[in-house]
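Residue-level listing of the chains:
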Amino acid sequence: MDDRSHPGAQGPVTTGTDRGAGDRAGVLGIALAAVLAFALASGSWQWFSAYLGLTLLAVILSFTRPPTRTPGAGAGYARSLTAYSLVVGLCVALAAAPAMQRWAWLFPMPGTRQECVHLGDYAALQAQAALGALADHDGAALAYAQSDQSRHAVANCLASTTTLWLPVYALGAALLAALGAWLAGRADAKRAATARQ
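Owing to the predicted nature of the structure, the values given are computational and were not obtained by experimental measurement.

A.B. asks: Go over the overall build of the chain, please, and point to the residues and values.
C.D. replies: Along its length, the chain carries 5 helices and 0 strands. In the chain, the succession of helices and strands from N to C terminus is α-α-α-α-α. Buried positions account for 31% of the 197 residues belonging to the chain. If you take every contact in the chain between residues at least 6 apart in sequence, the share linking residues at least 24 apart comes to 77%.

So this is what it looks like as structure tokens:
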């Protein structure tokens, strides 16, 4: 007799192991998506990167749970917590990169911002030199070319410095995520122990 025909039969039950495997697969998929986003990013960090990072962060926070510590699973818990927190840190870094590049109050880059401005001035001079005698015929076109080249040079300079420092911000976010997950796990364990008493 088929179990499904029995009135008291229930559909497939998801075990805790299966749920954990799904969470790990979700974390792995999000990590891969974030890595691909980093790999495909070239030049200046654009605001779409922030959208990608926030979307990935929303997915991981909505569909995966932080790992929970169970008795006798010390190493497995540490690995799961590390993977989860590193992926959260990666998503945060991806979301924060455009703002870090553009806002000095968020990422001061001492000295670098001024150096990038000088690089932009040099790019404007290069644009003028490239036009040569043609620059005298259309001053508006020259001004636009200089402004465009300068803006691209400054943005690329700031983006490269941002990218160099992004792992530090990602690691900081990962440590905060790990600490938050660990504290939440301890609080849940204490509540469960109190409820059993």
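A.B. asks: Explain the environment of F48 residue by residue, including any values.
C.D. replies: Mapped onto the elements, F48 comes out in helix α2 (residues 47-63). Take F48: its relative accessible area is 55%, and that puts it in the exposed class. Measuring from C-alpha to C-alpha, the distance between F48 and A95 comes to 8.7 Å, with 47 residues separating the pair along the chain.

A.B. asks: With reference to specific residues and values, describe the nonpolar core.
C.D. replies: Counting residues in each nonpolar core, the largest one holds 22 residues, and the members touching the most others are W45, I60, V88 and L166. Secondary-structure elements contributing two or more residues to this core are α2, α3 (74-102) and α5 (139-196). Among the elements that make up this core, the one with the highest residue count is α3 (8 residues). In terms of domain composition, this core takes at least three residues from each of domain 1 (26-65 + 78-106) and domain 2 (109-196).

A.B. asks: Describe the state of the cysteines, with residues and values.
C.D. replies: The tally for this structure, following the rule as stated, stands at 1 disulfide. A disulfide bridge connects C116 with C157, and the sulfur atoms are separated by 1.9 Å. In this structure the cystine formed by C116 and C157 twists about its S-S bond by roughly -70 degrees; its chirality is therefore left-handed. On the criterion of sequence distance, the pair formed by C116 in helix α4 (residues 112-131) and C157 in helix α5 is long-range, its members being 41 residues apart. For the pair C116 and C157, one class covers both residues: buried.

A.B. asks: Go over the UniProt feature "transmembrane region" (unreviewed entry) in the chain with me, naming the residues and quoting the values.
C.D. replies: In the numbering adopted here, UniProt assigns the feature "transmembrane region" (unreviewed entry) to residues 21-41, 47-64, 76-100 and 164-184. For the annotated span residues 76-100, helix accounts for 100% and strand for 0% of the residues, and the straight-line distance between the end C-alpha atoms is 35 Å. Each end of residues 164-184 is marked by a C-alpha atom, and these two atoms are 32 Å apart; helix forms 100% of the span and strand 0%.

A.B. asks: Help me get a handle on the packing of aromatic side chains, residues and values and all.
C.D. replies: With the rule as written, the count across this model stands at 4 aromatic pairs. Their ring planes at 45 degrees and their centres at 5.7 Å tell us that W47 and W103 sit as a pair that is tilted. Residue W47 is found in helix α2, and its partner W103 is found in the loop between α3 and α4; the two are separated by 56 residues along the sequence. The partly exposed category is assigned to W47, whose relative accessible area is 41%. Residues F107 and Y169 carry aromatic rings whose centres are separated by 5.6 Å and whose planes lie at 80 degrees to one another, so their mutual orientation is edge-to-face.

A.B. asks: Describe the confidence of the model for the chain, and please don't skip the residues or the numbers.
C.D. replies: Considering every residue of the chain, the mean pLDDT works out to 75; 70% of them sit at 70 or more. Ignoring residues within four places in sequence, the model shows residues 1-18, a span with pLDDT below 50, making 3 contacts including any to other chains.

A.B. asks: Describe the environment of T55, listing the residues and the values that go with them.
C.D. replies: Inspection of the secondary structure puts T55 in helix α2. Residue class for T55 comes out partly exposed when judged on its relative accessible area of 34%. Considered as a pair, T55 and A95 are 40 residues apart in the sequence and their alpha carbons are 8.9 Å apart. At a separation of 2.7 Å, a polar atom in the side chain of T55 contacts the main-chain carbonyl oxygen of Y51.

Cut-offs used in this document
Residues numbered from 1 in each chain as written. Predicted model: local features only at pLDDT ≥ 70, side-chain atom pairs only at ≥ 80, totals over all residues. Heavy atoms only, no water. Helix = DSSP H or I, 4+ residues; strand = E, 2+ residues; numbered from the N terminus. Buried < 20%, exposed > 50% of the residue type's maximum accessible area, 1.4 Å probe, protein only. Contact = heavy atoms within 4.5 Å. Core = buried A, V, L, I, M, F, W, Y, C linked by side-chain atoms within 4.5 Å. Domains from an automatic or database assignment. Disulfide = S-S within 2.5 Å. UniProt positions renumbered as here; feature names shortened; annotations may be inferred. Phe/Tyr/Trp six-rings, centres within 6.5 Å; stacked < 30°, edge-to-face > 60°. pLDDT = per-residue confidence, 0-100. Polar contact = N/O pair within 3.5 Å; in protein donor to acceptor, adjacent residues only side chain to side chain.

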